[in-house]
Amino acid sequence: ASIASAPSNRSVVSAATSTGGASAASGGSGARRPKRSRRPATRIDRLEQRMALRRDPGWASARRLPDHVEAEADAVSTVEQHQLLVQAALPPYLEEHPRVRRRFLDVDEVAPAEEGTAAHKKASSRWWKRRTALARLSYNLIKADHRFFNVPFVYRRHESRPTRVFLAWATLVLIFWAEAVAALYVSPYRLCEGLKSEHNCLEAKAPTGLFTSRGQCEWHENRDSSCRREPCDKCRDRDPSASQETLENSWEAFICVLVALPCVLLFEYVWLTWVRAPVREKDRFWATRDGSWLAAATASEDPADDSEDVRAVAAAGAHLLENLGQVVKRDAAVVGADLSDALRVPQPERVASAAALADWYAVLASVPCARLVLRRRREIEDALDESEDPARRQHLEFLRRDLDRDWHCDRAPRNFVRRVTTQLSAAILLAARYEEKFKQHGSALQRSAAIYQLLLVQFLDKPTERGVYRRCMDMDFERDLDEPIKPVSLRAKVVACFVAAFLIVGPIAFLLFFGRNMTKSEQWDWWKVAMFAIALIVFVVEPLRILFLNFVLPKVLLPKIKHYSDPAQIPMPYRTRLPVFAVDLVDPAHVVETFDGLGLPPPRRLRESGGVFLPRISGGAD
């Protein structure tokens with residue numbers, strides 16, 4: 001059934017998502033509605049709904065295609081689906097940014113929908129959604145990433161609400177402790193009570209705080225009725241003015257925020273990374289009869305012990321050496337092809353980390369990769385010598401500057417080789433991240449969007465840009481995949497439990513000692529400032545943190561993303577193949593299978609970048 005004949009757009013989407021691309025007629029009024037999941041819709045869920053609409057057979061019949069476009073209706077749909085995958089690979093803020101969206105093909109302008117159809121209603125509702133896209137994105141991000149608001153609004157399969165409630169309670173305890181520390185700093189405790197002479201009392205000044213030049217104490221010769229307990233000292237704290245009290249409270253709340261935030265981040269990291277993580281299999285001494293708890297507690301932390309991240313790095317490094325012609329795979333065995341340079345690098349007996357293994361593979365591949373980079377530069381030099389066209393020479397100069405900026409070809413040999421090794425190590429780690437997190441997990445849509453992320457990383461040459469984009473990739477991964485926590489060693493878990501207990505029990509004991517030595521009026525003043533600090537953190541600091549990470553930080557990528565828009569369609573300007581980027585280190589058969597599962601041809605860039613594989617779906621339609 002076509003989209004035009006469907007009773008509503010919601011029935012089309014629900015039918016497509018519940019049956020995996022079935023017709024909209026199966027989601028009609030007679031069909032049973034699928035059970036609603038408790039998990040909120042993620043970007044991948046919304047992408048699945050939009051892709052299902054484009055894959056529907058009635059997509060072309062619901063639009064007024066021009067005569068020269070009707071024969072290419074499938075091609076227009078394919079382009080739109082590829083654009084949806086590229087937008088899913090972008091950070092959420094850049095996906096909704098107007099200047100980025102203008103770089104993509106507007107299908108509603110090329111092929112407007114027929115009036116009265118579901119496609120026309122979808123296009124008309126898209127106008128106001130684009131106007132309010134950033135506001136809706138801000139609301140969804142604050143609801144999902146806020147430490148307090150995500151408890152009632154977000155369901156997470158591997159992080160239950162009781163766990164998040166405990167984290168929120170621990171955050172409040174640390175805020176109260178930080179407020180007590182700030183109160184002692186701004187108003188030193190019992191400074192005036194120990195002074196017995198009038199001269200010393202009037203000359204006393206606060207050693208810390210905001211008003212260090214102001215007299216801290218005042219002398220009371222006659223004992224007043226406000227003294228309820230002995231001994232009643234004549235030297236007492238001076239009551240500040242209204243303006244001074246406001247400034248002191250504000251300064252105290254600001255210091256509380258500065259002290260509380262690092263402690264909260266440290267406790268959250270320790271709790272989520274080690275305390276809540278399960279113990280790895282070989283350390284579970286209680287599960288085996290001959291196990292020893294002492295041996296399990298002192299077991300080696302060597303990640304080369306068949307861990308997932310090391311296996312992923314090994315797979316990406318093997319693809320790198322194979323692409324460069326350094327090794328040849330024959331019946332699951334690896335035979336050397338040209339290892340005269342590789343033999344000079346000794347294989348490490350014990351891998352200190354996955355990053356160390358990536359550096360080892362990068363050193364092995366640095367010399368052949370440097371040769372290919374120099375061949376590309378020689379291509380540009382030869383083209384410059386042969387060309388007399390000023391415009392063509394300008395374009396060639398741009399390519400040479402771009403190549404020198406990426407690989408440092410114009411610098412000293414030592415710096416050039418160091419840059420090549422750094423680039424290869426970064427590519428191996430990114431490919432290993434895909435190998436570990438996406439290859440065996442998630443749907444074809446998640447894997448294809450992750451492949452487009454690797455394509456986008458190829459054009460981010462600055463370390464800051466790659467770091468920001470990697471941060472955005474990790475945040476999207478945590479929201480969408482919701483995977484369980486990795487197992488840790490028993491020793492790390494025990495140490496983390498002691499650290500977490502110290503971070504909670506210590507502040508509680510300090511608060512009890514601090515509160516016992518305060519009068520009721522002092523406790524009330526401290527309570528008001530503590531509530532102000534909590535409101536400042538909950539309603540100001542946390543939203544600003546979320547908006548900074550998701551709105552301000554991705555702006556670093558805006559010039560590159562706006563310039564390249566869809567990097568998968570950029571042709572390769574060199575004859576020399578250089579299959580050393582992150583996307584080239586993923587198993588090519590897996591890439592073809594992923595896009596075949598969506599009924600789409602692989603992106604053009606993958607077919608041209610290294611010539612590593614030939615797609616089973618080829619043609620000029622994409």
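Please refer to the structure higher up on the page.
Described below are features of the structure shown in this document. Values in this document were obtained by computation on a predicted structure and should not be read as measured data. (Residues numbered from 1 in each chain as written. Predicted model: local features only at pLDDT ≥ 70, side-chain atom pairs only at ≥ 80, totals over all residues. Heavy atoms only, no water.)

Moving on to the nonpolar core. Formed by 87 residues in total, the largest nonpolar core has its most connected members in Leu-85, Cys-369 and Trp-407. Of the residues forming this core, the biggest block, 15 residues, is contributed by helix H16 (residues 354–386). Residues in contact with Leu-85, not counting those within four places in the same chain, are Leu-47, Met-51, Leu-445, Ser-448, Ala-449, Tyr-452, Phe-595, Leu-598 and Leu-600. Counting 23 residues, the second largest nonpolar core, distinct from the first, contains Phe-148, Ala-168, Phe-514 and Trp-526. (Core = buried A, V, L, I, M, F, W, Y, C linked by side-chain atoms within 4.5 Å. Buried < 20%, exposed > 50% of the residue type's maximum accessible area, 1.4 Å probe, protein only. Helix = DSSP H or I, 4+ residues; strand = E, 2+ residues; numbered from the N terminus. Contact = heavy atoms within 4.5 Å.)

Bringing the environment of Ala-52 into the picture now. Inspection of the secondary structure assignment puts Ala-52 in helix H2 (residues 43–55). Separated by 29 residues in sequence, Ala-52 and Gln-81 have C-alpha atoms that sit 9.5 Å apart.

Relative to the 22 Å expected for 16 residues at 1.5 Å per residue, helix H15 (residues 308–323) spans 23 Å between its end C-alpha atoms, a close match to the ideal helical length. Along H15, the positions that sit buried rather than exposed are Val-310, Ala-312, Val-313, Ala-316, Gly-317, His-319, Leu-320 and Leu-321. Looking one or two residues past H15, Gly-325 carries a phi angle of roughly 75 degrees, positive in sign. (Expected span 1.5 Å × (residues − 1).)

In this section: the side chain of Asn-550. Topologically, Asn-550 is positioned in helix H22 (residues 520–552). Assessed through its relative accessible area of 6%, Asn-550 is described here as buried. Within the local environment of Asn-550, its side chain forms a polar contact with the backbone oxygen of Ile-546, the two atoms lying 2.7 Å apart. (Polar contact = N/O pair within 3.5 Å; in protein donor to acceptor, adjacent residues only side chain to side chain.)

Moving on: a negative patch on the surface. Taken together, the side chains of Asp-237, Asp-239, Glu-245 and Glu-522 make up a negatively charged region of the molecular surface. As for its position among the elements, Asp-237 is in strand E2 (residues 235–237). Taking the relative accessible area as the measure of exposure, Asp-237 reaches 37% and is therefore partly exposed. (Patch = residues over 30% accessible without salt bridge, like charges linked within 9 Å, V, L, I, M, F, W, Y side chains within 5 Å. Areas by Shrake-Rupley, 256 points an atom, 1.4 Å probe, with all protein chains shown as cover. Salt bridge = Lys/Arg side-chain N within 4 Å of Asp/Glu carboxyl O. Lys, Arg positive; Asp, Glu negative; His and termini not counted. Charge placed at Lys NZ, Arg CZ, Asp CG, Glu CD.)

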